[in-house]
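# Topology and contacts: notes
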Amino acid sequence: MTFCPDKTEVFFSFLKDPVTVSSVFCEIDLPFLSAPITIRWYGVIIAFGLTLAVLFGGRRAYVWKMDINKMLDILIYGAVGGIIGARLYYVFSKWDYYSVNPSEIFQIWNGGLAIYGGLIGGILVGIIVCKVEKLNILNLLDLCGMSFLIGQGIGRWGNFANQEAFGTNTELPWGMYSVKTEAYLTKLVQAGTDIVVDPSKPVHPTFLYESLWCILSFVILYIMCKKFRKFSGQIFLGYGILYGLERAIVEGLRTDSLYIGDTNLRISQVLSLALVLVCGVLFVVFTIRYTKNPKPIEGVDYFNEIPLYRNRKKAADAQKLVDKLTEELTVMKAKAEADVDNKPGKNRIEEIEKKLAKANAALEEAQKKVDEQDAKEAAKKAKKAKAK
């Protein structure tokens, strides 16, 4: 077994000495194979980011009392859908190349996974699984939004290992240069690109920009989730705004963007701006709606950390049942006293009365818990106000 057999020196403007990176994690020689098995850093880093994202998502799912078996189904099918979607998006965006090199379509270890394709594929599969498993897709997306940022923030370092996904020239202190960036940009210039670039000069490490932005966005959304979450889907809309804004800006610096046909419109920039616009509008609309008419957040199971909402929901459901049975009982008694042919039997009326008594008891119990928790919340607020 040979570790990091290939070496590339990467120079940063603010560092005197280069940083050595390798695109290959290890090569394993097996006697029954003619060529060694190659494990690349790109795959290792992506797997590491996915693992941390899953661990975080699993922990939040436990806190929110989500069914672990259903979550595993979503994780497995969603991951497969995400990988397939990411690769298909990239392949179809460069179909002129892959149509004549079909054997390379499945070589994802060499790079070529489009994040938007991954999101689209993973979310579509997740929606299908949620429909089958009868889960609340909006709450699941809230959890996924934070997990996505962990995976993306770490996964971008796979681009650093491959020395890809960098930007145009820069004189900033963190400008990056390597023989791989020069070789790629030289081919780009020779191909007659419209991008003005000098292959021998440092470039923007756009992978770093996105990594840092994703990690910061995760922190923001996590705080929002803990302290300011008001409705289902709020965190995912925040994810769409934050990530879309970053991608729209950083994509404009990159030299390897996918374009819409023969235009100068970058696919990711157009999608990012659309994502920011749609998510921004929905965020404002739902926030205003919540402000006018606050409602409990309905979870996959009701979130354990907000029992007050859970009890309010139970009280509301019990009140609806009481109103329905009261109305039904009133109609039956009116028919029983009236001179009509289809009078309800005495047993039927007694049955409804028993159901109504049971519903009233449930309503009283739920309302009692709500009142107790309201009193505790009021006491906490009074204590804080007094402390100030």
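These numbers come from a predicted model, not from an experiment. Numbering of residues begins from 1 in every chain and follows the order in which that chain's sequence is written. Owing to the predicted nature of the model, reporting of local features is limited to residues with pLDDT of at least 70; listing and counting of side-chain atom pairs is limited to 80 or more, with chain, interface and lining totals taken over all residues. Processing note: side-chain calculations cover all non-hydrogen atoms of the structure and skip hydrogens and water entirely.

What follows covers the packing of aromatic side chains. Working definition: a ring pair exists when centres of Phe, Tyr or Trp rings (six-membered ring for Trp) sit within 6.5 Å. Plane angles under 30 degrees give stacked, over 60 give edge-to-face, the rest tilted. Under the counting rule described, the total for this entry stands at 21 aromatic pairs. Note on phenylalanine 160 and phenylalanine 207: the rings are 5.0 Å apart at their centroids and 20° apart in plane angle, and the pair reads as stacked. Of this pair, phenylalanine 160 sits in helix H6 (residues 157-162) while phenylalanine 207 sits in helix H8 (residues 206-227); the two residues are 47 residues apart in sequence, bridging distant segments of the chain. Burial classes follow relative accessibility: with a 1.4 Å probe on protein chains only, a residue under 20% of its type's maximum area counts as buried, one over 50% as exposed, and anything between as partly exposed. Residue classification places phenylalanine 207 among the buried residues on the basis of a relative accessible area of 3%. Among the aromatic residues, ring-to-ring pairing joins Phe12, Phe14, Trp157, Phe160 and Phe207 into one connected group. Helix and strand assignments come from DSSP, with helices taken as H or I runs of at least 4 residues and strands as E runs of at least 2, each series counted from the N terminus.

On to the packing of helix H5 (residues 137-155) against H8, then. Closest axis-to-axis distance for the H5/H8 pair is 8 Å, and the angle between their directions is 160°. Relative to H8, H5 is oriented roughly antiparallel. Here H5 and H8 pass one another in a crossing that is left-handed. Mapping the contact onto sequence places Met146, Leu149, Ile150, Gln152 and Gly153 in H5 and Glu210, Ser211, Cys214, Ile215, Ser217, Phe218, Leu221, Tyr222 and Cys225 in H8. Its residues placed into classes, the contact of H5 with H8 shows 9 nonpolar, 4 polar and 1 charged. Each axis is a line fitted through C-alpha atoms, taken for helices only over the stretch in contact, and angles between the N-to-C directions span 0 to 180 degrees. Reported orientations rely on four angle classes, namely roughly parallel under 35 degrees, roughly antiparallel over 145, roughly perpendicular from 65 to 115, and oblique for the rest. In this scheme the crossing of two helices becomes right-handed for a clockwise turn of the near helix relative to the far one and left-handed for an anticlockwise turn of less than a right angle. Only heavy atoms matter for contacts: two residues are in contact if any of them lie within 4.5 Å across the pair. Classes in brief: Ala, Val, Leu, Ile, Met, Phe, Trp, Tyr, Cys and Pro nonpolar; Asp, Glu, Lys and Arg charged; the others, Gly included, polar.

Next up on the list: the side chain of threonine 170. Position of threonine 170 among the secondary structure elements: in the loop between H6 and strand E6 (176-177). Filtering out sequence-adjacent residues up to four positions away, threonine 170 remains in contact with Gly175, Pro202, Val203 and His204.

Turning next to the side chain of serine 178. Counting through the fold element by element, serine 178 comes out in the loop between E6 and helix H7 (179-190). Polar contacts involving the side chain of serine 178 include one to the side chain of glutamine 163, which spans 2.7 Å. Ignoring any residue separated from it by four or fewer positions in sequence, one finds serine 178 in contact with Thr8, Glu9, Val10 and Gln163. Within 3.5 Å is the distance limit for a polar contact, defined as a pair of N or O atoms, with the added protein rule that one can donate a hydrogen and the other accept it, and that residues adjacent in sequence qualify only through two side-chain atoms.

Turning to the sheet that holds strand E2 (residues 8-12), a few remarks are in order. Note on pairing: DSSP must find at least two bridges between two strands before they are called paired. Pairing in this open sheet of 3 strands is antiparallel, and the strands run E3-E2-E6 from one edge to the other. The sheet is open, and its two edges are formed by strand E3 (19-21) and E6, each paired on a single side. In this sheet, E3 lies alongside E2 in antiparallel orientation, the contact comprising 3 bridges. The residue bridging valine 10 from the neighbouring strand is valine 19, located in E3.

Our focus in this paragraph is a positive patch on the surface. Judged by side-chain charge, Lys226, Lys227, Lys376, Lys380, Lys381 and Lys384 come together as a positively charged surface patch. Looking at the positive patch, the elements with two or more residues in it are H8 and helix H12 (346-387). Here the positive patch takes 4 residues from H12, the largest share from any one element. Relative to the elements of secondary structure, lysine 380 occurs in helix H12. Patch definition: residues with relative accessible area over 30% and no salt bridge; like charges joined within 9 Å; nonpolar side chains (Val, Leu, Ile, Met, Phe, Trp, Tyr) joined within 5 Å. Only the protein chains shown count as cover for residues, and all accessible areas are computed by the Shrake-Rupley method using a 1.4 Å probe. Throughout this description, the term salt bridge denotes a Lys or Arg side-chain nitrogen within 4 Å of a carboxyl oxygen of Asp or Glu. Under the convention used here, Asp and Glu are negative, Lys and Arg are positive, and both His and the chain ends fall outside the count. In plain terms, the charge of a residue is placed at NZ if it is Lys, CZ if Arg, CG if Asp and CD if Glu.

Here we take up the sheet that holds strand E5 (residues 37-40). Taken in spatial order, the 3 strands line up as E1-E4-E5 in an open sheet, and their pairing is antiparallel. Where the open sheet ends on each side, the last strands, each with one partner, are strand E1 (2-3) and E5. With 4 bridges joining them, strand E4 (residues 24-28) and E5 adopt antiparallel strand pairing. Bridge pairing in E5 places isoleucine 28 opposite isoleucine 37. Most of the contacts of helix H1 (residues 41-63) go to E5, to which it runs at about 50°, and overall it touches E4 and E5.

Nine residue types can take part in a nonpolar core, namely buried Ala, Val, Leu, Ile, Met, Phe, Trp, Tyr and Cys, and a core is a set of them joined through side-chain atoms within 4.5 Å. Counting 41 residues, the largest nonpolar core has Met146, Leu221 and Tyr239 as the members making the most contacts within it. Those elements giving two or more residues to this core turn out to be H1, helix H2 (68-93), helix H4 (115-133), H5, H8 and helix H9 (234-250). With 8 residues, the single largest contributor to this core is H5. Filtering out sequence-adjacent residues up to four positions away, leucine 221 remains in contact with Met146, Leu149, Ile235, Gly238, Tyr239 and Leu242.

Chain-level pLDDT for the chain is 86 on average; 95% of the residues reach the 70-or-more range. Known as pLDDT, the predictor's confidence for each residue is given on a scale from 0 to 100. For residues 300-306, every residue scores under 50 in pLDDT, and the model assigns this stretch 24 contacts once sequence neighbours within four places are set aside.

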